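Architecture and fold: a report
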Amino acid sequence: MTVGSAQSKNKGRVWEWIFPFIFSIAGVAILFAAQFATALGFVIKKIDYSKYEGTYSFIYSVIAIIALLAFSRLTRVFYLDSKSGLLIKKPLVSEVLFTIVIAMGLLGVVSIYMMLVNILAKFGGETSAIASDLEEYETTIDRYSDIAVEVVPFFDKILNYIAVAVLVPIAEETLFRGIILGHFLKKYNAAISIIISAVVSAVLFFCVQTVHRIVGIFAVLILLNA
């Protein structure tokens, strides 16, 4: 093997260690792009987002799923192996049961935590920082805090249930546990891969409302400057 070919091969290997980071950023960008495209469509059509939030979530999640699956198939060409970026494996019955037990346990922990927060909020009074933060949190997650329930069409409520319970989780898991974790596991050990995937998902979940507002603002600004 010549010196030139050896350097070229090493350079290729270095890029393979960098590709997971590039692919992760690209995957997150695809998710945001799906939200932005949907928000822009709503602005152009002058559709009230608060009234048709379910329709918005349904459309952007379908777009995101299709785009992320296509991206996963495309990115595998950058690797020497033929594996897809997605983690596709038939789970064992024991793994499914173990996952359900953990999920139920976490729901219990969250319920206890929220009970304690409510107790502390009442103990501190309505003007306390905890009470203020709790009220802001409830407003953030309550779809009907800015619009009456009666105003929202029935079909939009159905689409909202489908999106929140099925489509949005599929889109997010395709990104976090599929593309991000899948690509990192190809070149990094399991601990590092899981930590990176968890950190990215936690940051995005923490900023989800802010991201939605920013996406909507950008859509409006682009339309105004068009």
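None of these values were measured; they are calculated from a predicted model.

Looking at where N118 falls in the secondary structure, it is placed in helix α3 (residues 93–124). Classification of N118 by relative accessible area gives partly exposed; the value is 30%.

This next bit is on the confidence of the model for the chain. The predicted model of the chain averages 80 in pLDDT, with 81% of residues at 70 or higher. In the predicted structure, residues 3–11 sits below a pLDDT of 50 and forms one contact with residues beyond four places in sequence or in another chain.

Attention shifts here to helix α2 (residues 53–75). Look at α2: 32 Å from first C-alpha to last across 23 residues, which is about the 33 Å you get at 1.5 Å a residue. The complete set of buried residues in α2 reads G54, T55, Y56, S57, Y60, S61, A64, I65, L68, F71, S72 and T75.

Helix α5 (residues 154–187) packs onto α2 with a crossing angle of 25° between their chain directions and a minimal axis gap of 8 Å. It follows from the interaxial angle that α2 and α5 lie roughly parallel. Between α2 and α5 lies a crossing of left-handed hand.

Criteria and thresholds
- Residues numbered from 1 in each chain as written.
- Predicted model: local features only at pLDDT ≥ 70, side-chain atom pairs only at ≥ 80, totals over all residues.
- Heavy atoms only, no water.
- Helix = DSSP H or I, 4+ residues; strand = E, 2+ residues; numbered from the N terminus.
- Buried < 20%, exposed > 50% of the residue type's maximum accessible area, 1.4 Å probe, protein only.
- pLDDT = per-residue confidence, 0-100.
- Contact = heavy atoms within 4.5 Å.
- Expected span 1.5 Å × (residues − 1).
- Axes fitted to C-alpha atoms, helices over the stretch in contact; angles between N-to-C directions.
- Parallel < 35°, antiparallel > 145°, perpendicular 65-115°, else oblique.
- Left-handed = near helix turned anticlockwise from the far one by under 90°.

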